[in-house]
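Coordinate inspection notes
Each chain is listed here by its residues.
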Amino acid sequence: MRHWKVVLVTLWSIFLLAGCGPKYAALPINEDVDVCVICNMQVKDDAYATQLTTKDGQTFKFDDIGCMNEWKERNGTEQIGMDFVRDYNDKEWIEFNKATYVYDASIRTPMAYGLVSFKDQESAENFIQEQGVGVIMTAADLTSHDWKQNTEGVDMMGDEGHTHEHEQEDAGTHGSENT
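Residues numbered from 1 in each chain as written. Predicted model: local features only at pLDDT ≥ 70, side-chain atom pairs only at ≥ 80, totals over all residues. Heavy atoms only, no water.

This part covers the sheet that holds strand β3 (residues 80–86). What the four strands build is an open sheet, ordered β2-β1-β3-β4; its pairing is antiparallel. Two strands bound the open sheet, and with one partner strand each, they are β2 (59–62) and β4 (93–95). Each adjacent strand pair in this sheet contributes to an overall mean axis angle of 25 degrees, direction not counted. Summarising the sheet, strand β1 (residues 50–54) and β2 pair through four bridges and their orientation is antiparallel. Counted as the bridge partner of L52 is F60 from β2. (Pairing = 2+ DSSP bridges. Helix = DSSP H or I, 4+ residues; strand = E, 2+ residues; numbered from the N terminus. Axes fitted to C-alpha atoms, helices over the stretch in contact; angles between N-to-C directions.)

Structure, rendered in structure tokens:
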């Protein structure tokens, strides 16, 4: 009888753990080795870094939210377990869908997409008030965002004019060595 109790408790524990589903957590940025899988630029441990983890456990890191969006356009979103952005003020990781975004083409970001993320709307509003530019967006709003780069902004960031416009015809091979 005791053996059956152990078996039942074990089965019940497995059932409970399986019902919780996988947990995803953002990984730290290691500036020595982390490069954006889209543009191959160094991913800095700053407010612009983003990342996503697929359902099979692969993590992809990006130097700008625009690069993460480009990955999603190329690969789809069905296999994404979780995607993360960082709070502009304290660099805390935030789930992509829970963040509040501010966009303006003049906002300087690594790849000049002009989009920064915040953990709450109040922080985003404060940023707009301080900077004098920007519109608030949600993750849902980003699905219809035009995702254009401000090429003047790329030059301002010192990235030697790097844009995604000059990529190879076969977009599937760009950055594949990092996947």
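Turning next to the nonpolar core. Formed by 28 residues in total, the largest nonpolar core has its most connected members in F62, I65 and Y101. Looking at this core, the element that brings in the most residues is helix α2 (residues 65–75), giving four residues. Other than its neighbours up to four places away in sequence, F62 contacts C36, V37, I38, V43, Y48, A49, T50, Q51, L52, C67, M68 and W71. By size, the runner-up hydrophobic cluster in this structure holds eight residues, among which are V102, V116, F118 and I128. (Core = buried A, V, L, I, M, F, W, Y, C linked by side-chain atoms within 4.5 Å. Buried < 20%, exposed > 50% of the residue type's maximum accessible area, 1.4 Å probe, protein only. Contact = heavy atoms within 4.5 Å.)

Moving on, we get to the environment of D56. With respect to the element layout, D56 can be found in the loop between β1 and β2. Residue class for D56 comes out exposed when judged on its relative accessible area of 60%. Linking D56 and I80, residues 24 residues apart in sequence, is a C-alpha distance of 8.7 Å. Side chain to side chain, D56 and T54 meet in a polar contact 2.3 Å long. (Polar contact = N/O pair within 3.5 Å; in protein donor to acceptor, adjacent residues only side chain to side chain.)

This part is about helix α3 (residues 121–131). Of the residues making up α3, those classed as buried are S123, A124, F127 and I128. Seen from one end, α3 has its buried residues packed into an arc of 140 degrees, which puts them on one side. Exposed and facing more than 90 degrees away from the buried side of α3 are E122, Q129 and E130. Looking at the buried positions of α3, the neighbouring elements they touch are β5 (100–103), β6 (115–118) and β7 (135–137). Among the residues of α3, the N-terminal cap falls to D120, whose side-chain oxygen and the backbone nitrogen of E122 are separated by 3.4 Å. (Arc of directions from axis to C-beta.)

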